[in-house]
Amino acid sequence: MNLAVLVYVALAIFILGLVIKKLSLFFRDMGIYASGEPKARRIIAGITGSWGVLFSTKIFRALWVFIADVLLQLRILKQSFTRWAMHMLIFYGFMYLLVFHALAIFFANPDEAYLNPWLFLRNVAGVMVLVGLCIAFARRFIIKVPRLKTNGQDYYALGLVALIIVSGLVLEGSKMTSQRVFVDMVENWAGLSVEYDEIEVQGLEAYWSKYYGLKLPDVKAPFDEEMLTEGRHANETYCASCHVSNKWAPAGYVTAKILSPIAGPLDRANAPHILYWIHVLTCLLGLAYLPFSKMLHIFSTPASLV
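Conventions we followed
Residues numbered from 1 in each chain as written. Predicted model: local features only at pLDDT ≥ 70, side-chain atom pairs only at ≥ 80, totals over all residues. Heavy atoms only, no water. Helix = DSSP H or I, 4+ residues; strand = E, 2+ residues; numbered from the N terminus. Rg over C-alpha atoms; globule rule 2.2 N^0.38 Å. Contact = heavy atoms within 4.5 Å. Areas by Shrake-Rupley, 256 points an atom, 1.4 Å probe, with all protein chains shown as cover. Lys, Arg positive; Asp, Glu negative; His and termini not counted. Charge placed at Lys NZ, Arg CZ, Asp CG, Glu CD. Phe/Tyr/Trp six-rings, centres within 6.5 Å; stacked < 30°, edge-to-face > 60°. Buried < 20%, exposed > 50% of the residue type's maximum accessible area, 1.4 Å probe, protein only. Lys NZ or Arg CZ within 6 Å of the ring centre and 35° of its normal. Axes fitted to C-alpha atoms, helices over the stretch in contact; angles between N-to-C directions. Left-handed = near helix turned anticlockwise from the far one by under 90°. Nonpolar A, V, L, I, M, F, W, Y, C, P; charged D, E, K, R; others polar. Expected span 1.5 Å × (residues − 1). Polar contact = N/O pair within 3.5 Å; in protein donor to acceptor, adjacent residues only side chain to side chain. Core = buried A, V, L, I, M, F, W, Y, C linked by side-chain atoms within 4.5 Å. Patch = residues over 30% accessible without salt bridge, like charges linked within 9 Å, V, L, I, M, F, W, Y side chains within 5 Å. Salt bridge = Lys/Arg side-chain N within 4 Å of Asp/Glu carboxyl O. Parallel < 35°, antiparallel > 145°, perpendicular 65-115°, else oblique. pLDDT = per-residue confidence, 0-100.

(A) Structural detail: the overall build of the protein. Helices and strands together make up the secondary structure of the protein, namely 15 helices and zero strands. The C-alpha radius of gyration computed for the protein amounts to 24 Å, which surpasses the reference 19 Å derived for 306 residues by more than 25%, pointing to a less compact arrangement than a globule. Structurally, the protein occupies a C-alpha span of about 80 × 40 × 35 Å along its principal axes. Taking as baseline every contact in the protein between residues at least 6 positions apart, the subset at least 24 positions apart corresponds to 70%. Accessible surface, the protein: about 18,600 Å² in total, of which carbon and sulfur atoms supply 68%. Side chains of the protein carry 27 positive and 21 negative charges; the gap between the two charge centres is 27 Å.

Pasting the structure below:
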């Protein structure tokens with residue numbers, strides 16, 4: 001499966017969907033003022049009106065609206081603190097993951113993904129989204145806030161975002177416990193051979209089992225202190241420059257501990273690979289379908305407010 005092709009297809013559908021939705025505003029009659037107005041005149045009025053805001057003193061008011069009602073969402077805060085907290089947690093958590101994780105190749109150095117602050121902040125952002133989703137779920141299905149209707153679009157939006165975050169979290173936890181991932185790291189990143197660098201590899205196995213959440217069938221506590229010392233030196237030499245302790249990813253580390261009892265079967269089933277594609281394909285599905293879903297308000301609401 002070619003990931004690059006899938007990304008470009010999803011991105012193309014996303015952009016085409018945004019264009020279609022934007023143009024539909026000019027071709028739909030909305031109220032007596034727009035009824036019968038020529039379509040070309042609507043488009044020209046929309047363009048000239050936008051330019052009139054951008055290149056006039058109105059830009060300052062537009063910037064204030066963007067800060068107050070989009071970035072800080074003060075209008076929602078005046079209505080309900082709980083609703084405001086939900087929006088802020090989901091919005092900022094998801095935007096961080098989008099910019100500095102999914103699009104890290106453009107906005108960050110992917111080679112530093114397992115260094116701080118990136119590893120820690122990625123977990124914080126994921127937890128923020130999960131907490132926001134829990135609030136959204138509680139408001140709709142437990143508290144049942146009056147006049148808050150739930151339809152298929154709401155189920156889709158909540159379910160898709162939840163699947164993206166949970167699959168990413170379980171993927172991270174399974175990678176921490178995985179012998180496959182560990183061997184790949186040792187051979188392809190550390191440059192060690194499992195066969196010829198046996199002492200260093202065994203030391204790393206013990207060290208990563210104790211401090212990084214790795215789960216190996218032949219490495220069990222209590223750990224030999226001499227082996228741990230050898231592992232610490234090997235870790236500092238080969239691993240520490242690009243990977244801090246997995247404990248800096250608290251959500252992923254806790255997930256790894258939960259998965260530890262079944263780490264062996266998961267690894268034999270190549271779970272990290274399967275979870276990777278579930279996570280990626282879910283993200284691409286969300287990207288492609290976003291303009292046609294209720295989640296379009298991520299873009300349409302800021303634009304309409306400004």
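(B) Layout of the packing of aromatic side chains. Across all of its chains, the model carries 14 aromatic pairs by this definition. The interplanar angle of 85° and the centroid separation of 4.9 Å between the aromatic rings of Tyr 156 and Tyr 289 together place this pair among those described as edge-to-face. Here Tyr 156, found in helix α8 (residues 152–177), pairs with Tyr 289, found in helix α14 (residues 271–289); they are 133 residues apart in sequence, far enough to count as distant. Given a relative accessible area of 32%, Tyr 289 falls into the partly exposed group. Geometry around Tyr 114 places Arg 122 over its ring, the cationic atom sitting 5.5 Å from the centre.

(C) Fine view of the packing of helix α7 (residues 118–142) against α8. Relative orientation of the contacting elements α7 and α8 amounts to 145°, with a least axis distance of 10 Å. In the packing of α7 onto α8, the handedness of the crossing is left-handed. Contacts from Leu 119, Arg 122, Asn 123, Gly 126, Val 129, Leu 130, Leu 133, Ala 136, Arg 140 and Phe 141 of α7 reach α8 at Asp 154, Tyr 155, Leu 158, Val 161, Ala 162, Ile 165, Val 166, Leu 169 and Glu 172. Its residues assigned to classes, the contact of α7 with α8 shows 13 nonpolar, two polar and four charged.

(D) Inspection of helix α3 (residues 58–71) at higher detail. With 14 residues, α3 should reach 20 Å at 1.5 Å per residue; the first-to-last C-alpha distance of 19 Å fits that figure. With its phi angle positive at about 50°, Gln 73 sits one or two positions after the end of α3.

(E) Representation of the side chain of Ser 293. Along the chain, the position of Ser 293 falls in the loop between α14 and α15 (297–305). Taking relative accessible area as the criterion, Ser 293 reaches 7% and is therefore assigned buried. Polar side-chain contacts of Ser 293 include one of 3.0 Å to the backbone oxygen of Leu 290. In contact with Ser 293, not counting residues within four places along its chain, are Gln 153 and Tyr 156.

(F) Broad picture of the nonpolar core. Judged by nonpolar contacts, the single largest core of 18 residues is most densely connected at Phe 182, Met 185, Val 186, Leu 192, Leu 204 and Trp 208. With residues near it in sequence (within four places) discarded, Leu 204 still touches Phe 182, Val 186, Leu 192, Ser 209, Gly 231, Ala 234, Asn 235 and Cys 239. Listed in part, the 17 residues of the second largest apolar core include Val 129, Leu 160, Leu 290 and Met 295.

(G) How the structure looks around the environment of Asp 184. By the element assignment, Asp 184 lies in helix α9 (residues 179–188). Within the structure, the side chain of Asp 184 is placed 2.5 Å from the side chain of Asn 188, a separation counted as a polar contact.

(H) Quick peek at a nonpolar patch on the surface. Taken together, the side chains of Val 5, Val 9, Ile 13, Leu 16, Ile 20, Leu 285, Tyr 289 and Phe 292 define a hydrophobic patch exposed on the protein surface, amounting to about 690 Å² of accessible area. Of all the elements in the fold, those that place two or more residues in the nonpolar patch are α1 (3–27) and α14. A total of five residues in the nonpolar patch trace back to one element, the largest contributor, which is α1. Positionally, Leu 16 belongs in helix α1. Classification of Leu 16 as exposed rests on a relative accessible area of 52%.

(I) Structural context of the packing of α9 against helix α10 (residues 198–211). The interhelical angle for the contact between α9 and α10, taken along N-to-C directions, is 135°, at an axis separation of 12 Å. Taken together, the axes of α9 and α10 are oblique relative to one another. Classified by chirality, the crossing of α10 by α9 is right-handed. Contacts between α9 and α10 involve Phe 182, Met 185 and Val 186 on the former and, on the latter, Val 201, Leu 204, Glu 205 and Trp 208.

(J) Here's a closer look at a positive patch on the surface. Together, Lys 210, Lys 215, Lys 220, Lys 247 and Lys 257 line one region of the surface with positive charge. With respect to the element layout, Lys 215 can be found in the loop between α10 and α11 (225–239). A relative accessible area of 42% places Lys 215 in the partly exposed class.

(K) A look at the confidence of the model for the protein. Taken as a whole, the protein shows an average pLDDT of 85; of its residues, 94% reach a score of 70 or greater. Per-element averaging of pLDDT across the protein places α15 at the bottom with 71 and helix α12 (residues 250–259) at the top with 94.

(L) Here's a closer look at the pattern of salt bridges. Taken as a whole and assessed by the stated rule, the structure comprises three salt bridges. A salt bridge links Asp 69 to Arg 75; its shortest N-O distance comes to 3.0 Å. The class for Asp 69 is buried, based on a relative accessible area of 16%. Measuring nitrogen to oxygen at the nearest pair gives 3.8 Å for the salt bridge that ties Arg 122 to Glu 172. Pair noted here: Arg 122 is in helix α7 and Glu 172 is in helix α8, with a separation of 50 residues, a long-range link. Here the two residues Arg 122 and Glu 172 agree in accessibility, since each one is buried.

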